[in-house]
Amino acid sequence: MRWIVTVDHHGGCLGMGEDADGVPARGKPEQGDALPMEFRLCGARENVLFEGRCGDIDADWWHGFEPLIATWNTFRCRRLHYRRAGTKEPWRSFKQS
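Residues numbered from 1 in each chain as written. Predicted model: local features only at pLDDT ≥ 70, side-chain atom pairs only at ≥ 80, totals over all residues. Heavy atoms only, no water.

(A) View of the packing of aromatic side chains. This structure, assessed with the given rule, holds three aromatic pairs. Relative to F39, the ring of W3 lies with its centre 6.2 Å away and its plane at 70 degrees, an arrangement referred to as edge-to-face. Taken together, the residues span a long stretch of sequence, with W3 in strand β1 (residues 3-8) and F39 in strand β4 (residues 37-42) at a distance of 36 residues. For W3, a relative accessible area of 1% puts it in the buried group. Ring geometry for W61 against W62: centres 5.7 Å apart, planes inclined by 80 degrees, an arrangement best described as edge-to-face. (Phe/Tyr/Trp six-rings, centres within 6.5 Å; stacked < 30°, edge-to-face > 60°. Helix = DSSP H or I, 4+ residues; strand = E, 2+ residues; numbered from the N terminus. Buried < 20%, exposed > 50% of the residue type's maximum accessible area, 1.4 Å probe, protein only.)

(B) Layout of the pattern of salt bridges. In total, this model carries six salt bridges according to the counting rule given. Residue R84 pairs with D56 through a salt bridge whose shortest N-O separation is 3.2 Å. Here R84 is found in strand β6 (residues 79-84), whereas its partner D56 is found in the loop between β5 (48-54) and α1 (66-75), with 28 residues between them in sequence. Residue class for D56 comes out partly exposed when judged on its relative accessible area of 27%. D58 is the salt-bridge partner of R92, the closest N and O atoms lying 2.9 Å from each other. Note that R92 is positioned in strand β7 (residues 92-95) and D58 in the loop between β5 and α1, a separation of 34 residues in sequence. R92 sits in the partly exposed class, given a relative accessible area of 30%. (Salt bridge = Lys/Arg side-chain N within 4 Å of Asp/Glu carboxyl O.)

(C) Spotlight on α1. By the burial criterion, the buried members of α1 are E66, P67, L68, T71 and F75. Residues of α1 that are buried sit in contact with β1, β2 (16-18), β4, β5 and β6. Looking one or two residues beyond α1, the residue adopting positive phi is R76, at roughly 60 degrees. (Contact = heavy atoms within 4.5 Å.)

(D) A look at the environment of G27. Relative to the helices and strands, G27 is located in the loop between β3 (24-26) and β4. For the pair G27 and M16, spaced eleven residues apart in the sequence, the C-alpha separation amounts to 6.7 Å. Excluding its chain neighbours within four sequence positions, the residues that come into contact with G27 are I4 and G15.

(E) Up close: the nonpolar core. Ranked by internal contacts, the top residues of the largest apolar core, which has 18 residues, are F39, L41, F50, C54, I57, C77 and L80. Residue assignment for this core shows that the elements contributing at least two residues are β1, β4, β5, α1 and β6. (Core = buried A, V, L, I, M, F, W, Y, C linked by side-chain atoms within 4.5 Å.)

(F) Structural context of the side chain of T71. Note on placement: T71 falls in helix α1. Among all residues touching T71, those that are not within four sequence positions of it are M16, L41, F50, R76 and C77.

Okay, structure coming up:
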């Protein structure tokens, strides 16, 4: 699933992500505008480390974990919250304990 970090609160990871085939790739944050979902990656204390855009998690929930998995060890991201981009829907959660 394509995903890209569009806002970096941690430092050094703006544009980090994967292409549609799951291959690590860097891009420009503006490229995220074409993706239908937005996400937030948080630490254990719910501090937001990264924000970004990704493919449709509702249609492909299994691959929706990819941003969290990619940032789990290196950045200690423990939670992923997501919603459809451009809406005021409440954030939904993916959690790993």
